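Structure at a glance
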Amino acid sequence: MVNATVFQQFVSGVIMRKISFLLFVMIGMQLMGCKTAESTIAIRDFKNHDPSAADHILFLDFEITRRGKKTEVVELVNAVSGRGKMKNLVAPVQSPYQIRVLPTYSSDRPETEMAFEHPLYRSVEVASQDGRLSKHDLSATQGTLSIRVQEDKALEKIELYSITPEKGKTKIYTLNLKQ
Amino acid sequence: MTRFFTLILFFVCFNCFSQNFKVDTIHQSGSIDKRINVVILGDGFTEAELPRFKEQARLFADFFLAYTPYNTYRNYFNFFSIPTPSKESGVSNPGTAPDAYADQPVGKKDTYYGASFGESIHRLVTVTKYQALSNVLAFNFPSYDLVVLLVNTPFYGGSGGSIAVHTLHSAANTIGVHEIGHTFSYLNDEYWAGPQYGWEAANMTAESNPELVKWKNWLNETNIGVFKHGEGEAAKWFKPTEDNCLMEFLDKPFCAVCKETTTERILQVVNPIDKMTPDTTEESVLSEDAKTFKIDLVEPEPNTLQILWSLDGKPIKSSGKEISLSMADLSANAGLLTASVFDSTHLSRHPYARGERTRMAQWKLVRSSAPQIFKLRVSDASICPGEFTMLTTSGCVGNVSWSTGETGASINVSPQQTADFTATCKTTGQPDASLKTRINVFPKPEATASNTGPYFEKATIEISASGGSSYYWTGPDNFLSQIQVSLIENATVKNSGVYEVRVVDLNGCADTARTEVKVEPILGAENPVNTLVRVSPNPAKGFVKVSTAQGGESVFTMFDMNGRKVVEKRFMLQTDINVEGKSAGLYLYKFSNGEKEISGKLLIQ
């Protein structure tokens, strides 16, 4: 009886270790960029979400980390909701380094890409006290992408694409949204 | 994986604290959804320093709203500030950049948004705590349009991007305005930043032909031309000014082309029609009674909005924010009323502006379907003698006849006294229907006017009227007065003439009366040597000397203008007469000596 119990504990331990290892490998694969990262979040889980509000604006912060020369790892680090409607006065981005954000809908609503400055390849404007201005290119291994999206009941997911002259357009993240 | 992120988010939420802060209104010209909302944040201000942040935020808003062309469109913007306390005052300074200020303390500060001078470019001041930024905006003002972040340090620095960041240095405000030029108006820089920054924008083009360049309408303006960005790669691109625009130098104002672009962008985002009354989502039913349609406008300063009202495409009024219509104005059972608003600002010479940004308010009109009832309407039930009033019938399918013998839907009547009028509707197959109304005629006021003249120059003219409650005088030398008894001091001959007064009573009825005023010049040498009597001085003040060459007793008698005797004196050859205490004005005198008699005028001052 004792031996049987010890055997069961042994088997359970092995299985638990295997499951833990499997999870570790899965997370590791995600983090290593072997597969485009994907996650799911329910709208109700956004901070400050007010179900009674008629309109919501979704604020999302993604941390983008460069691994090696080619891989960009994305992590959703903040999701917060606000009440209201936005006019969407986002300025066009002309830089060859961009993050394109594509909200997709279950309805026939037109899907329009939004362009953002790539947080790992920034072009910054520097002012001098004599009134002169200049542009500088800065690169980093880690940066934050902050986006703002008007919520729609038909909003299904938000896809992130990295655009660089070296790699072209690459999907780097998918955020599935549950209403 | 889903659970993994849900777990992370739960963890984040578990650790989060309240992100709600008081939003201060700096300048609110309208509702959030109908204006451009600028939110000002502050970093490196401790709890005790928040009043200073609020003051700095107000100063930046004032600076922005005074900057051309934003000053013209200040009513198109709202400004708010959100004070967030930092644990430490100031800003982080790594002090590692080659251009670091020698006198600036180096060190890390624990601030709300983690603003820091640059590690490799010192003047590049950026935030590092993006989540804090998202949280504050989402919790407190998610509908923002533009964000400016003020960093609590007097050292110069700032940055652009999705938010404009700058320090409190006195010259740093223009960093914010310049960066908003990029983010809001999509302006490009007018300094050469490198070939990767060359693209078509409102103020940058590869087209150098003056007849084709996109700012050709401004080429006759000072400083505006087609300027090469530089040599080599830069020579492919052109800009409208050389060293004369905020998009090139921060100590310059916007050039005309950037002002135009900014103006067009403002007018693209904000509709100058702020409100429409009645609501346009439902049909407006027009009946016999006039209905007023109104638009509330967001007016630029100066107001360059042009308004045109049209009904079914036909212009009916070219100004004004409201119009009144009744079913009589409809040519069919339905119609479309349109108010078109166009901003004719001189800040823009955009050739297609009228077509592209004429904003419209439209109301669908329908004629009332209420059953037609025979009605009699009087434009004015009480009138003054001589006036007329209009009697109008509606709802008669047949013919209308009047007690005056006239026919037709409406007549004008002008009774001299209170009278009744009857309209009869005669419709075949139906009994006649009659309606009666009484027109009340007020009694006519009786106006009178008089004056206390005649006068000599320098006298005070007094004109008076009676018969009403209001008096409207007109007279010579552009005289106007609304005083029942009016005085004109220091009269001159120019004041002579007919004065007319319009007297209005409490019923609004009027009558006019006139009075003629005579002003004569002051008598200079009225008494030649051989005259019977010499009276001097004339005008007199205090006393008057009367002398004659006639022997024997003489009598000098004075009368006021009402004919009352005020002086009588008997004398031989000469006498002085005390006129002290006599009212100023014109008097008549009579001199007699035996059979001889003469009369004249004496003015006492």
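Residues numbered from 1 in each chain as written. Chains lettered and ligands numbered in written order. Predicted model: local features only at pLDDT ≥ 70, side-chain atom pairs only at ≥ 80, totals over all residues. Heavy atoms only, no water.

**Some remarks on the pairing of strand β23 (residues 433–441) of chain B**
All names here are of chain B. The pairing of strand β18 (residues 382–383) with β23 spans 2 bridges and is parallel. Pairing of Ser382 across the sheet is with Asn440, part of β23. Two elements, strand β22 (residues 419–426) and β23, share 7 bridges in a ladder whose sense is antiparallel. Across the sheet, Thr424 pairs through a bridge with Ser434, a residue of β23. Where β22 folds back onto β23 in an antiparallel hairpin, the turn is made up of 6 residues, including Gly429, whose phi is positive at roughly 85 degrees. (Pairing = 2+ DSSP bridges. Helix = DSSP H or I, 4+ residues; strand = E, 2+ residues; numbered from the N terminus.)

**Brief notes about the packing of helix α2 (residues 50–65) of chain B against helix α4 (residues 173–183) of chain B**
All names here are of chain B. Axis separation between α2 and α4 bottoms out at 10 Å; the angle between their running directions is 55 degrees. With respect to α4, the element α2 is oriented oblique. As for how α2 packs across α4, the hand of that crossing is right-handed. Contact with α2, carried on its side by Phe60, Phe63 and Phe64, involves Asn173, Thr174, Gly176, Val177 and Ile180 of α4 and no other residues of that element. (Axes fitted to C-alpha atoms, helices over the stretch in contact; angles between N-to-C directions. Parallel < 35°, antiparallel > 145°, perpendicular 65-115°, else oblique. Left-handed = near helix turned anticlockwise from the far one by under 90°. Contact = heavy atoms within 4.5 Å.)

**Regarding the sheet that holds strand β24 (residues 448–451) of chain B**
Residue and element names in this part refer to chain B. The sheet built from 3 strands is open, its strands ordered β24-β26-β29 with antiparallel pairing. The sheet is open, and its two edges are formed by β24 and β29 (485–488), each paired on a single side. The mean angle between the axes of side-by-side strands here comes to 15 degrees, regardless of whether they run parallel or antiparallel.

**Topic: the pattern of salt bridges**
Applying the stated criterion across every chain yields a total of 35 salt bridges over all chains. Between A:Glu113 and A:Arg100 there is a salt bridge, with the nearest N and O atoms lying 2.7 Å from each other. Of the two residues, A:Glu113 sits in the loop between β4 (98–105) and β5 (114–117) while A:Arg100 sits in strand β4, which places them 13 residues apart along the sequence. The residue B:Glu233 makes a salt bridge to B:Lys236 at a minimum N-O spacing of 3.3 Å. For B:Glu233, a relative accessible area of 41% puts it in the partly exposed group. Note on B:Lys236: relative accessible area 48%, which makes it partly exposed. A cluster of three or more residues bridged by salt bridges with shared partners is formed by A:Arg100, A:Glu113 and A:Lys169. (Salt bridge = Lys/Arg side-chain N within 4 Å of Asp/Glu carboxyl O. Buried < 20%, exposed > 50% of the residue type's maximum accessible area, 1.4 Å probe, protein only.)

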